[in-house]
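Structural overview for review
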Amino acid sequence: MDIILTILAIGLLLGGLAGAVLPIPGPPLSLAGMFCLHYTRFVEFNKSTLVVFTVLTVAMAIFDYYAPVWGTKKFGGSKYGAIGSTVGLLIGMFFIPAVGMLLGAFLGALIGELINGADFSKALKAAIGSFIGLITGMVGKIALCLAMLLWSGFALGEYIMIMFF
């Protein structure tokens, strides 16, 4: 059972890293991988490690949802741009995932601002803000998933070093 959980954990950790840029929940998958690994005889994370990564995963999920909206508003966009960014992001997920999400959020914010009556330069600025917000969220997810992968990898590597050397 430990081998199965370890293989599952590695798959979830790697899938989580891929999910940081694809429209799948990257950090929750990575966190599930850590928990799978924790329940093997090979690795035992202390509770504070699991709590910290759980809190960071929840915080990242919230931040990732609001980052494009925040970027739109920070760059002078309106409620229409923020809504357009969110709608565009969701629609973009059905096309080439990572590219579709980026392009969708950008175009959604741009169209939302144009519908609101903003001139093109102001709408473009809001769309750029949405894009920056989305990229910021993506970078945060990549960093968090990579941290969980490395933390787990070092813990598993430590077990292997102790067992075989």
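What this report covers is the structure whose coordinates are included nearby. Here the structure is a predicted model, which means the values were calculated and not measured.

Scanning the chain for helices and strands turns up six helices and zero strands. For the chain, the sequential pattern of α-helices and β-strands runs α-α-α-α-α-α. Relative to a compact globule of 165 residues, whose C-alpha radius of gyration would be 15 Å, the chain shows 19 Å and is clearly more extended. Burial analysis of the chain (165 residues in total) assigns 44% to the buried set. Contacts in the chain between residues at least 24 apart in sequence constitute 66% of all its contacts with a sequence separation of at least 6.

Among the secondary structure elements, Thr-40 is positioned in the loop between helix H2 (26–38) and helix H3 (47–74). The class for Thr-40 is buried, based on a relative accessible area of 8%. Engagement of the side chain of Thr-40 in a polar contact is seen with the backbone oxygen of Leu-37, the distance being 2.7 Å. Among all residues touching Thr-40, those that are not within four sequence positions of it are Asp-2, Leu-5 and Thr-6.

Quick look at the pattern of salt bridges now. Counted according to the given criterion, the structure contains two salt bridges. In this structure, Arg-41 and Asp-2 form a salt bridge, with 3.4 Å as the shortest nitrogen-oxygen distance. Taken together, the residues span a long stretch of sequence, with Arg-41 in the loop between H2 and H3 and Asp-2 in helix H1 (residues 2–19) at a distance of 39 residues. One salt bridge in this structure joins Lys-141 and Asp-64, with 3.2 Å as the shortest N-O distance. Residue Lys-141 is found in helix H6 (residues 120–164), and its partner Asp-64 is found in helix H3; the two are separated by 77 residues along the sequence. Relative accessible area serves as the criterion here: at 8%, Lys-141 is assigned to the buried category. Judged by its relative accessible area of 19%, Asp-64 is buried.

Under the counting rule described, the total for this entry stands at two aromatic pairs. Taking 5.0 Å as the distance between ring centres and 50° as the angle between the ring planes, the aromatic pair formed by Phe-42 and Tyr-159 counts as tilted. Separated by 117 residues along the polypeptide, Phe-42 in the loop between H2 and H3 and Tyr-159 in helix H6 bring together distant segments of the chain. Residue class for Phe-42 comes out buried when judged on its relative accessible area of 11%. Measuring from ring centre to ring centre gives 5.7 Å for Phe-53 and Trp-151, while their planes differ by 80°; the resulting arrangement is edge-to-face.

With 14 residues, helix H4 (residues 79–92) should cover 20 Å at 1.5 Å per step; its first-to-last C-alpha distance of 20 Å lies within 8% of that length. All of the buried residues along H4 are Gly-81, Ala-82, Gly-84, Ser-85, Thr-86, Gly-88, Leu-89 and Gly-92. Measuring from the backbone nitrogen of Tyr-80 back to the side-chain oxygen at the start of H4 gives 3.2 Å, which picks out Ser-78 as the cap.

Rules behind the numbers
- Residues numbered from 1 in each chain as written.
- Predicted model: local features only at pLDDT ≥ 70, side-chain atom pairs only at ≥ 80, totals over all residues.
- Heavy atoms only, no water.
- Helix = DSSP H or I, 4+ residues; strand = E, 2+ residues; numbered from the N terminus.
- Rg over C-alpha atoms; globule rule 2.2 N^0.38 Å.
- Buried < 20%, exposed > 50% of the residue type's maximum accessible area, 1.4 Å probe, protein only.
- Contact = heavy atoms within 4.5 Å.
- Polar contact = N/O pair within 3.5 Å; in protein donor to acceptor, adjacent residues only side chain to side chain.
- Salt bridge = Lys/Arg side-chain N within 4 Å of Asp/Glu carboxyl O.
- Phe/Tyr/Trp six-rings, centres within 6.5 Å; stacked < 30°, edge-to-face > 60°.
- Expected span 1.5 Å × (residues − 1).

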